[in-house]
Amino acid sequence: MMVGGWRRCAPLLMVILALFSRINGAAGGGCAAGYFGPLQPRVLLVHTEYQLTLVDDVASKLMSTGNFATVGSFDATSSGPSPSVLASYDALLVWSSLNILFYDSVQFGNLLADFWDQGGTVVLTSAANVLNRIQGRFGQYYLLIDGGGGLIQAADTLGAVLEPSSPLMTNVTTLHADAAAGSEGVTVN
């Protein structure tokens, strides 16, 4: 099987699924519908993406797994979601287009920290904190990787599989990406 974009169990989807264990204690897993049992998390895509078809694509692919009750989206270029909007979601998937900034990096970081403190899950993509640094309490106390090192933009392949028995690798034999982005940042906090 060739994995590209969001086919089957894309790594980002698996990160989201793994982090939802914080919500209901789900263990183990794969991509099968019903991964969370009767609890299906509600996800808000918080982004600065100018290609809205990409946002729609991510939302539809997540919904197609059968593991999510709803997937909404919010453009964070001019403001952040209000507390009442956030209260409708269990998790946030946050990303930015490389050259489009979040509305206010300090306020946005505080908003993410408040959401986390109230029991929500926050998943950042590698581009969410590189050129558009998230600051505030989330940036200061919650980040595990400092995205300040820049981005790697080059073609990529599967490479060495260090954990071949991982559920992430089920039926994955090749990976091809014409361009890939990853943080060169260092571990913090």
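Residues numbered from 1 in each chain as written. Predicted model: local features only at pLDDT ≥ 70, side-chain atom pairs only at ≥ 80, totals over all residues. Heavy atoms only, no water.

(A) The pairing of strand β3 (residues 70-75), seen in detail. Where strand β2 (residues 42-47) meets β3, six bridges bridge the pair, whose relative direction is parallel. Within β3, the residue paired with Arg42 across the bridge is Thr70. Crossover handedness for the path β2 to helix α3 (residues 52-64) to β3: right-handed. (Pairing = 2+ DSSP bridges. Helix = DSSP H or I, 4+ residues; strand = E, 2+ residues; numbered from the N terminus. Right-handed = clockwise from strand over helix to strand, strands pointing away.)

(B) Here's a closer look at α3. With 13 residues, α3 extends 18 Å between its outermost C-alpha atoms, agreeing within 8% with the 18 Å of an ideal straight helix rising 1.5 Å per residue. For α3, every residue scored as buried is listed here: Val55, Val58, Ala59 and Leu62. Buried residues along α3 cover an arc of 95 degrees about the axis, so they all sit on one side. Within α3, the exposed residues directed more than 90 degrees away from the buried face are Thr53, Asp56 and Ser64. (Expected span 1.5 Å × (residues − 1). Buried < 20%, exposed > 50% of the residue type's maximum accessible area, 1.4 Å probe, protein only. Arc of directions from axis to C-beta.)

(C) Up close: the pairing of strand β4 (residues 91-95). In terms of burial, β4 is largely enclosed, as five of its five residues are buried. Burial of the side chains of β4 extends over both faces: Ala91, Leu93 and Trp95 are buried on one face and Leu92 and Val94 on the other. In terms of strand pairing, β4 meets strand β5 (residues 121-124) through four bridges, oriented parallel. Opposite Ala91, over in β5, you have Thr121 as the bridge partner.

(D) Layout of the packing of aromatic side chains. Summed over all chains, the structure comprises three aromatic pairs. Aromatic pair Phe102 and Phe108: ring centres 4.4 Å apart, planes at 20 degrees, arrangement stacked. Each member of the pair, Phe102 as well as Phe108, is classed as buried. Arranged with centres 5.4 Å apart and planes meeting at 5 degrees, the rings of Phe138 and Tyr142 form a pair that is stacked. With a gap of four residues between them, Phe138 and Tyr142 both fall in helix α6 (residues 136-142), about one helical turn apart. A relative accessible area of 22% means that Tyr142 is categorised as partly exposed. An aromatic cluster is built from Phe102, Tyr103 and Phe108, whose rings are joined through pairwise contacts. (Phe/Tyr/Trp six-rings, centres within 6.5 Å; stacked < 30°, edge-to-face > 60°.)

(E) Inspection of the environment of Met63 at higher detail. Inspection of the secondary structure assignment puts Met63 in helix α3. Since its relative accessible area comes to 34%, Met63 is described here as partly exposed. Met63 sits 20 residues away from Val43 along the chain, and the two C-alpha atoms are 9.8 Å apart. Setting aside residues up to four positions removed in sequence, Met63 forms contacts with Phe68, Ala69, Thr70 and Val71. (Contact = heavy atoms within 4.5 Å.)

(F) Fine view of the confidence of the model for the chain. With 64% of its residues at a pLDDT of at least 70, the chain reaches an overall mean of 74. Model confidence for the chain, summarised as mean pLDDT per element, is weakest for strand β1 (residues 2-3) at 31 and strongest for β3 at 95. In this model, residues 1-11 is a region of pLDDT below 50 whose contacts with residues beyond four sequence positions or in other chains number 24 contacts. The low-confidence segment residues 18-32 (pLDDT under 50) makes 38 contacts with residues lying over four places distant or belonging to another chain. (pLDDT = per-residue confidence, 0-100.)

(G) Focus on the sheet that holds β4. Read across the sheet, four strands follow the order β3-β2-β4-β5 without closing on themselves; strand pairing throughout is parallel. Of all the strands in the sheet, the pair left with one neighbour each is β3 and β5. The average undirected angle you get between the axes of adjacent strands in this sheet is 20 degrees. Here five bridges tie β2 to β4, and the two strands are oriented parallel to one another. Across the sheet, residue Val46 finds its bridge partner in β4, namely Val94. In the packing of α3 onto the sheet, contacts are made with β2, β3 and β4, and the angle to β2 comes to roughly 160 degrees. Packed on one face of the sheet, helix α5 (residues 105-117) meets β2, β4 and β5 and runs near 135 degrees to β5. (Axes fitted to C-alpha atoms, helices over the stretch in contact; angles between N-to-C directions.)

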